[in-house]
Amino acid sequence: MVYDWFNRSAAPQNPQDPQPEQAAEPPAQDEAPAAPTPAAAEPSDIDQDALDWARQAYARLKAQQEAQKQEAAAAEPQPEPTPPAELTSEPEPVVAPELDPVQAVQTSEPVTGLSLLEQAAAQRAQRQQEQLERAIETPAAPVEPTPAATDEAAPSLGDFDEDFTWSAEVLAAQGRQLSDISLEEIDWLGRLRRGMEKTRQGFVTQLLDTLGDDPLTPEVLDDLESLLLRADVGVQATDQVLEALRKRLNEEVVEPEEGIRFLKDQLKGLLDQPIKASGTALLAPERGRLNVWLMVGVNGVGKTTTLGKLANLAIRSGYSCLIAAADTFRAAAVQQVQVWGERSGVTVVSNPSANADPAAVVYDAIGAAQAKGTDLVLVDTAGRLQTKHNLMEELTKVRRIVDKLAPDAEVQSLLVLDASQGQNGLKQAMAFAQAAGLTGVVLTKLDGSSRGGVALAVSSEAGLPIRFIGAGEGIRDLRPFNSFEFVEALLAK
């Protein structure tokens, strides 16, 4: 089943798929009651309700997985049994050259005196000898694994553990129905939670220690300010959060649990603000129209890798895609893009000559996409420092080519940022926003950094919407950004 990640919706459900009430519960779990609506639940009941919902979700996904395995097994063609050659061989005239030379020497009986079984055995030995001689004359080339063979396997349902429970709770809290969730989403949320582990260890532990068990006080807010700044949340975002908390403290007593919920709401609001201002809640290629996404950023942030993952995401979501290898200055950049294209079955347009004009590559890619009716063209641009004016001008030239050849195309300019760079990444975003007309940010390497808070700084200070986040090295470790899921992963206990 194709899952459209750009719309967070599954394909129409097969009526033959098992329904929740038909699914068996996971081992060692009692039958769960019908899942309540999370939005209407009381705070004291949310945890138990979410756990019941998670049990039903696990049971349903497990039943679906078993049904898919049975369908796959039934669809495999069954090999027909081959009767023994001794019983099926027709008697044929046997001439001397068809006999195995070794057997011809060892036997003293004339050819015409061989029985049918002996004739069949001689023929089999002769065929084996011929195959062996051909193998020696033309040795088989060593089989190398194809890129597709090294790709990640489709997600499978694991144990009913903490990762699954947390992922299901996050989906339930967004008002998702049991019939809507997919194993793809469960798998991604688990990856995101694990990828944010370093940021969470350096943030949540200190946050809980700072809040303690007593109501919030002005002194606690001072400690929280220092904590947010160390997590690279940024000065502007920190001031906005603390101002809202101080206003809340002036109105009522705030308990620690309520303080965390309020903090989550504030952080989510900061991340959502530029997304709402853009008018596009979730960036997705428009059907029936050419979409061109320019990937920009400095060297070393994972720009080409991110482009390859985006191509894979588009293919998995049912879009046609094409890659323009316009990073013609970096050594082996084109070859790297081609490997990513092969992994996802995406055509790569490139120029084999050294130091080719990037704009010429984009010109060819746009023409090919228009001829084929392609949905999405991903352009890999050369990495550049934000202080290099001439390289920034190269981006402007590429953009002019796109506007000239495809004036009706939907063009996006996405900045790839390395989360581990912290405030330096924010400076890059500010500079690129002025020179390249950015429309969004892709935040990568969240799994290798304790600075996941830079997402808030980019949103509040650069005013750029975060469109995609990467939380791992795998091809499935890049997904559209969801502020609720990000904050929950950031502040998960």
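Residues numbered from 1 in each chain as written. Predicted model: local features only at pLDDT ≥ 70, side-chain atom pairs only at ≥ 80, totals over all residues. Heavy atoms only, no water.

**Q** Looking at this structure, how should I read the sheet that holds strand E6 (residues 376-380)?
**A** Backbone-to-backbone hydrogen bonds pair the strands of a sheet. The strands run either parallel or antiparallel. Strand order across the open sheet formed by eight strands is E5-E4-E6-E3-E7-E8-E9-E10, with mixed pairing between neighbours. Pairing within the sheet leaves two strands with one partner each, and these edge strands are strand E5 (347-349) and strand E10 (478-480). Mean inter-strand twist for the sheet, computed between neighbouring axes without regard to direction, equals 25 degrees. The sheet strands contacting helix H11 (residues 303-316) are strand E3 (291-296), strand E4 (321-325), E6, strand E7 (410-418), strand E8 (440-444), strand E9 (466-470) and E10, and the helix crosses E6 at an angle near 170 degrees. (Pairing = 2+ DSSP bridges. Helix = DSSP H or I, 4+ residues; strand = E, 2+ residues; numbered from the N terminus. Axes fitted to C-alpha atoms, helices over the stretch in contact; angles between N-to-C directions. Contact = heavy atoms within 4.5 Å.)

**Q** Quick question: what am I supposed to make of the packing of helix H10 (residues 256-278) against helix H17 (residues 483-490) here?
**A** A pair of packed helices is characterised by two quantities: the angle between their axes and the separation of those axes. Contact geometry of H10 with H17 gives a least axis separation of 9 Å together with a crossing angle of 135 degrees. In terms of orientation, H10 lies oblique with respect to H17. Where H10 crosses over H17, the handedness of that crossing is right-handed. Residues Lys264, Leu267, Lys268, Leu271 and Asp272 of H10 lie in contact with H17, whose contacting residues are Ser483, Phe484, Phe486, Val487, Glu488 and Leu490. A per-class count over the contact of H10 with H17 returns six nonpolar, one polar and four charged. (Parallel < 35°, antiparallel > 145°, perpendicular 65-115°, else oblique. Left-handed = near helix turned anticlockwise from the far one by under 90°. Nonpolar A, V, L, I, M, F, W, Y, C, P; charged D, E, K, R; others polar.)

**Q** What's the story with H10 in this structure? I'm lost.
**A** An α-helical turn contains 3.6 residues, so a residue and the one three or four places further along point in the same direction. Its 23 residues place the ends of H10 34 Å apart at the C-alpha level, agreeing with the 33 Å of an ideal helix rising 1.5 Å per residue. Within H10 the residues assigned to the buried category are Pro256, Gly259, Ile260, Phe262, Leu263, Lys264, Leu267, Leu270, Leu271, Asp272, Pro274 and Ile275. In this structure, the buried residues of H10 make contact with helix H7 (197-211), helix H9 (235-251), helix H16 (454-462), E9 and H17. Just past H10, the residue Gly279 takes up positive phi, approximately 80 degrees. (Expected span 1.5 Å × (residues − 1). Buried < 20%, exposed > 50% of the residue type's maximum accessible area, 1.4 Å probe, protein only.)

**Q** Please clarify how the packing of helix H8 (residues 218-230) against H9 should be interpreted in this entry.
**A** Between H8 and H9, the shortest axis-to-axis distance is 10 Å and the interhelical angle comes to 160 degrees. On the basis of their axis angle, the class for H8 and H9 is roughly antiparallel. Between H8 and H9 lies a crossing of right-handed hand. Residues Pro218, Leu221, Asp222, Leu224, Glu225, Leu228 and Leu229 of H8 form the contact with H9, whose own contacting residues are Val235, Thr238, Asp239, Val241, Leu242, Leu245, Arg246 and Leu249. Looking at the contact of H8 with H9 residue by residue, the class counts come to ten nonpolar, one polar and four charged.

**Q** Could you clarify how one ought to interpret the packing of aromatic side chains in this entry?
**A** A ring pair, where both rings are aromatic, is described by two values, the distance of the centres and the angle of the planes. Taken as a whole and assessed by the stated rule, the structure comprises nine aromatic pairs. Note on Tyr3 and Trp5: the rings are 5.2 Å apart at their centroids and 65 degrees apart in plane angle, and the pair reads as edge-to-face. Neither residue differs from the other here; Tyr3 and Trp5 are each classed as buried. Judged by centre distance (6.1 Å) and plane angle (80 degrees), the ring pair of Phe6 and Phe468 falls under edge-to-face. One end of the pair, Phe6, is in the loop between strand E1 (3-4) and strand E2 (9-10); the other, Phe468, is in strand E9, with 462 residues separating them in the sequence. (Phe/Tyr/Trp six-rings, centres within 6.5 Å; stacked < 30°, edge-to-face > 60°.)

**Q** Teacher, can you tell me more about the pattern of salt bridges here?
**A** Pairing between side chains becomes possible if they bear opposite charge and their charged atoms approach one another. Across all of its chains, the model carries 25 salt bridges by this definition. Ionic pairing is found between Arg248 and Glu252, a salt bridge with its closest N-O pair at 2.5 Å. Judged by its relative accessible area of 38%, Glu252 is partly exposed. Glu286 serves as the salt-bridge partner of Arg289, at 3.1 Å between the closest nitrogen and oxygen. Assessed through its relative accessible area of 32%, Arg289 is described here as partly exposed. Judged by relative accessible area, Glu286 falls into the partly exposed class, the value being 34%. One salt-bridge network, held together by shared partners, links Arg8, Arg176, Glu185 and Glu485. (Salt bridge = Lys/Arg side-chain N within 4 Å of Asp/Glu carboxyl O.)

**Q** Sorry, what's going on with unusual backbone geometry here?
**A** Negative phi values dominate among residues other than glycine, just as trans dominates among peptide bonds. The phi angle at Lys445 is positive, at roughly 60 degrees, despite the residue not being glycine. When you line up the elements, Lys445 lands in the loop between E8 and H16. Classification of Lys445 as partly exposed rests on a relative accessible area of 29%.

**Q** Just checking my understanding: could you explain the environment of Pro285 for this structure?
**A** Here Pro285 lies in the loop between H10 and E3. Residue classification places Pro285 among the buried positions, given a relative accessible area of 4%. Along the backbone, Pro285 and Asp375 are 90 residues apart, and their C-alpha atoms lie at a distance of 6.8 Å. Ignoring any residue separated from it by four or fewer positions in sequence, one finds Pro285 in contact with Phe6, Asn291, Trp293, Tyr319 and Leu376.

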